[in-house]
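# Structural features, examined
Read off the chains here:
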Amino acid sequence: MSGPALRIRGLKKAFPKVVAVDGVDLEVARGEVFGLLGPNGAGKTTTLEIIEGLTVADSGEIEILGLTWAHQGKEIRSRIGVQLQSTSLFNKITPREALDLYGSYYPKCRGTQELLELVQLEEKADAYHITLSGGQQQRLALALALVNDPEMVFLDEPTTGLDPQARRSLWDVVRRMKGEGRTVVLTTHYMDEAEALCDRLAIMDRGKVIATGTPASLISDLAMPSVVELTFEGSAPDPSAFAARLGEAVEPRTDLWEIRTPDPKALLPRLLEAAEAATIPFQQVHIRRATLEDVFLMRTGRSLRE
Amino acid sequence: MLLWRQFAMEWRLYGRDRVAMFWTMAFPVLLLLGFGTIFRDGGSPKLSVVRVQSPVSSTQDAAFDQALSELHLKVQSLPKPEAEARWSRGETAAQLEADGAGYRLRLNSYLMAQAGATAGLVNQAWLVAQARLSGAPEPQRIPVQVESPGHKRSTNYASFLLPGLLGLNLVSMGLFSVGMVNVSYREKGKFRRLAVTPLPKWIFLLGQVLHRLTVTVAQAAILLLVGSLVFGIQNQGSFLDLLLIMTLGTGCFMAFGFALSGFAETSEGYAALSNLVFFPLMLLSGVYFTLDAAPAWLQHTVAIMPLAPFLRALRAVFNDGAGLAGHGLGLVIVGAWALAAFILALRRFRWA
């Protein structure tokens, strides 16, 4: 067991109207949780589907667990687990039956009972799929992805559309996968999810990887990793006059101003002084560390959440 | 083993959809019971004529009425106002009334099939009545023999209908059920979830095909049982021949379904497409009406469509106890269609 779990070089895929994946290089180490973060339409899902063997790339190389689709497709399928963005099962199949059935497709499979416990579906084990809540259906999809005791698991937007509690319960399952030594590759457009789960991230935009690294390093690599916020009652006024006086860039948001800085300690006294001199009617001052959202914003000039 | 599991699971899930299962099984039975009972006496409804009562009955009227009553014709004698009311409601096919010294027969243009035949009978009775009144020798009738064309035994409508229903079941199973399921699986991503597992795709498809095949066999068994219990219809041929024909037909129309499913993007699209194929196939296969009067090119086209030869062979075995030897060409035509559809299905079939 040596070499990376996944290695991708120069991956490209164009659809009739859009270039979905435009030259992606990635390397995922064994045992890590790797995230593809980006807005909808960034090419995350297409990238994942090419890796999973569902879509054929126009060009590029993929090596999964040292195997290639061209020669060892069946072995790859046996050793990876996949959760698709929407897992469609028969309406009237029960979780127990689904796990039994999908387990029978593999040379090696985990016990159904153990999987039901892992995703906390023991009580719903014999309920029809259609009667499960969204979170329960997603947990079943995760259990199905683990049915063959895979070395590598691919999860496509595992928590999209779930309420906060259901999301956290799903995060626990992902952490347990990592605890069991599996390599996990997931896509998400939630920055909190990426920060909470991923050892390393690739930020994608318009078919390209625009940054790779640990969540912490992506943030600290920013030239200005801190943000000072002045919040207002109601909507924020036009900051241009104040920005000129302060000598810093001030970005207006709905009800606050953002000033990015490498050194909040030095900025703060100047900022308060200028604000007082200009009688700016702000309510509160916050200093926060930059987030992945800011990383995306700084690199693309656009917000992650459209 | 994998195939068996897949097959067993298909049946298990199918069994949970009680409503769908009930109707799949019950619908052909209801059709058989309904039409078999309505047309119990040989397929065509009795002919009838409305006779408008004359104010005074002459000897001529009496002779005519006597001659009419000797025919296989239902004569309804009504007073003038009632007869007219019935006529204007459009319920009367033919109405006979006195007109001066003779008679007048009015025919309903919407019911010409019955009215035309009735007119022939009424005229026949009039000729007989005239002969009797003039003392001429009684006219002789040509003896009539009822037969089921193309068949050795004379059978009733239910036994004509039953093989047709068996055949139609296969067509709708293939075109509507198999094809529609494929399109909806693809649409909803069920195929994609299977595609990321190492399960060979042919096992999944074969499991589905075997399931459909056994559903068809179960349907046929129920239909045969009801036919036998209610109408006393028995399979005259060998059950092996019957099974062979049914298997060939199932293969053919299932391949049709698979092939068609490759041409539709959505379930809605498939519904339109399958009807586009189903109705010409059904209407132009000589199942419901004969195409003797159709142009030659249409007749030639129909002769090489798969449904007609399939049903002909099925009826020959079932109703006449014929062997398959006499229907070689028909079975070859069905087989050729099955092969063509199968090749097309392989080329067009998509998982995603």
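Just so it is clear, the model here is predicted, and its values are computed rather than measured. Here the residue numbers are simple positions, counted from 1 along each chain's written sequence. Chain letters and ligand numbers both follow the written order, the letters beginning at A and the numbers at 1. Local features are withheld for residues below a pLDDT of 70 in this predicted model, meaning they are given only at 70 or higher, and side-chain atom pairs are given and counted only at 80 or more; totals for whole chains, interfaces and linings count all residues. Calculation of side-chain values draws on the structure's entire complement of heavy atoms; hydrogens and water are dropped beforehand.

### Let's talk about empty space enclosed by the protein
Defined as follows: Cavities and pockets are defined on a 1 Å grid built over the protein atoms alone: a cavity is a set of grid points where a 1.4 Å probe fits but cannot escape, while a pocket is an open set with protein on both sides within 12 Å along at least five of seven lines, and lining residues are those with an atom within 4 Å of any such point. Grid points are joined across faces, edges and corners, and a volume is the space filled by probe spheres set on the points. Numbering of helices and strands runs from the N terminus; a helix is a DSSP stretch of H or I covering at least four residues, while a strand is a stretch of E covering at least two. Amino acids outside the nonpolar list (Ala, Val, Leu, Ile, Met, Phe, Trp, Tyr, Cys, Pro) and the charged list (Asp, Glu, Lys, Arg) are all regarded as polar, and Gly is one of them.
Applying the stated criterion across every chain yields a total of three cavities of 30 Å³ or more. By volume, the largest cavity is sized at about 70 Å³. Counting residues per element, the ones that place at least two in the lining of the largest cavity are α3 (95–103) of chain A together with α7 (190–195) of chain B. Residue composition of the lining of the largest cavity, grouped by class: eight nonpolar, two polar and one charged. When its volume is computed, the second largest cavity comes out at roughly 40 Å³. Forming the boundary of the second largest cavity are F191, L194, A195, T197, L199, K201, F204 and W351 of chain B. Sorting the residues of the lining of the second largest cavity by element identifies α7 and α8 (201–231) of chain B as the ones contributing at least two each. If one sorts the elements of the lining of the second largest cavity by residue count, α7 of chain B sits on top with three residues.

### Side note on the domain arrangement of chain B
Test applied: As used throughout, domain bounds are those supplied by an automatic or database domain assignment.
On domain assignment, one finds that chain B holds domain 1 (2–40 + 156–348) and domain 2 (48–134). One C-alpha centre belongs to domain 1 of chain B, the other to domain 2 of chain B; they are set 47 Å apart.

### With respect to unusual backbone geometry
All names here are of chain A. We count it as follows: Exposed residues in this analysis have more than 50% of their type's maximum accessible area, buried residues have under 20%, and partly exposed residues fall in between, with area computed by a 1.4 Å probe over protein chains only.
Residue D149 is not a glycine yet carries a positive backbone phi of 50 degrees. Given the relative accessible area of 30%, D149 is considered partly exposed. Phi at R206 takes a positive value of approximately 50 degrees, unusual for a residue other than glycine. Checked against the element boundaries, R206 lands in the loop between β8 (200–205) and β9 (208–213).

### Section: the sheet that holds strand β4 (residues 102–107) of chain B
Residues and elements named next belong to chain B. Quick reminder of the rule: Two strands are said to pair when DSSP picks up at least two bridges between them. Interaxial angles span 0 to 180 degrees and are taken between N-to-C directions of axes, which are lines fitted to C-alpha atoms, for helices over the stretch in contact. We call two residues contacting when some pair of their heavy atoms lies within 4.5 Å.
If you walk across this open sheet you meet the four strands as β2-β1-β3-β4, and the pairing is mixed. In the strand order of this sheet, the two ends are held by β2 (74–78) and β4, each with one partner. On average, each strand axis in the sheet is tilted by 25 degrees relative to the strand beside it, whichever way the strands run. The pairing of strand β1 (residues 48–52) with β2 spans five bridges and is parallel. Bridged to V49 within β2 is V75. The strands touched by helix α3 (residues 59–69) are β1, β2, β3 (94–99) and β4; relative to β4, the strand with the most contacts, the crossing angle is about 45 degrees.

### Notes on the layout of surface pockets
Residue and element names in this part refer to chain B. By volume, the second largest pocket amounts to about 980 Å³. Y14, A20, S177, V181 and R212 are the residues nearest the centre of the second largest pocket, which is lined by 33 residues in total. Mapped by element, the contributors of at least two residues to the lining of the second largest pocket are α1 (2–16), α2 (18–38), α6 (157–188), α8 and α10 (267–283). For the lining of the second largest pocket, the element with the highest residue contribution is α6, accounting for twelve residues. Residue classes in the lining of the second largest pocket are distributed as 18 nonpolar, nine polar and six charged.

### Some remarks on α2 of chain B
Residues and elements named next belong to chain B. Our working definition: A helix is expected to span 1.5 Å multiplied by its residue count minus one. The seven residues ending at a residue and the seven starting there each receive a fitted axis; the angle between those axes is the bend at that residue.
The end-to-end C-alpha distance of α2, which contains 21 residues, comes to 29 Å, matching closely the 30 Å that a straight helix rising 1.5 Å per residue would cover. The largest bend in α2 comes to about 35 degrees, at A26, with the proline P28 one to four residues further on. Where α2 is buried, its residues meet α6 and α8.

### Overview of the interface of chain A and chain B
Let me state the cut-off plainly: Buried area: the accessible area, evaluated with a 1.4 Å probe, that two parts lose upon being put together, summed over both parts. The salt bridge definition used is simple: a Lys or Arg side-chain nitrogen within 4 Å of an Asp or Glu carboxyl oxygen. We call two N or O atoms a polar contact when they sit within 3.5 Å, provided that within protein one can donate a hydrogen and the other can accept it, with sequence-adjacent residues counted only if both atoms are side-chain atoms.
Contacts between the two partners involve 25 residues from chain A and, on the opposite side, 20 residues from chain B. Of all residues in chain A, S88, F90 and Y105 of chain A bury the most surface against chain B, accounting for 26% of the area lost on that side. Between chain A and chain B we count three salt bridges in total. Close ionic contact of R192 of chain B with E49 of chain A constitutes a salt bridge, the shortest N to O distance being 2.3 Å. Seen at the junction of chain A and chain B, the total is eight residue pairs in polar contact (both at pLDDT 80 or more). Elements that contribute at least two residues to the side of chain A that touches chain B include exactly α2 (69–79), α3 and α5 (134–145) of chain A. Looking at the side of chain A that touches chain B residue by residue, the class counts come to 13 nonpolar, five polar and seven charged.

### A word on the environment of G43 of chain A
Residues and elements named next belong to chain A. Counting through the fold element by element, G43 comes out in the loop between β3 (33–37) and α1 (44–51). A C-alpha to C-alpha distance of 23 Å links G43 and L65, two positions 22 residues apart in sequence. Ignoring sequence-local partners within four residues, the contact set of G43 consists of A20, V21 and M204.

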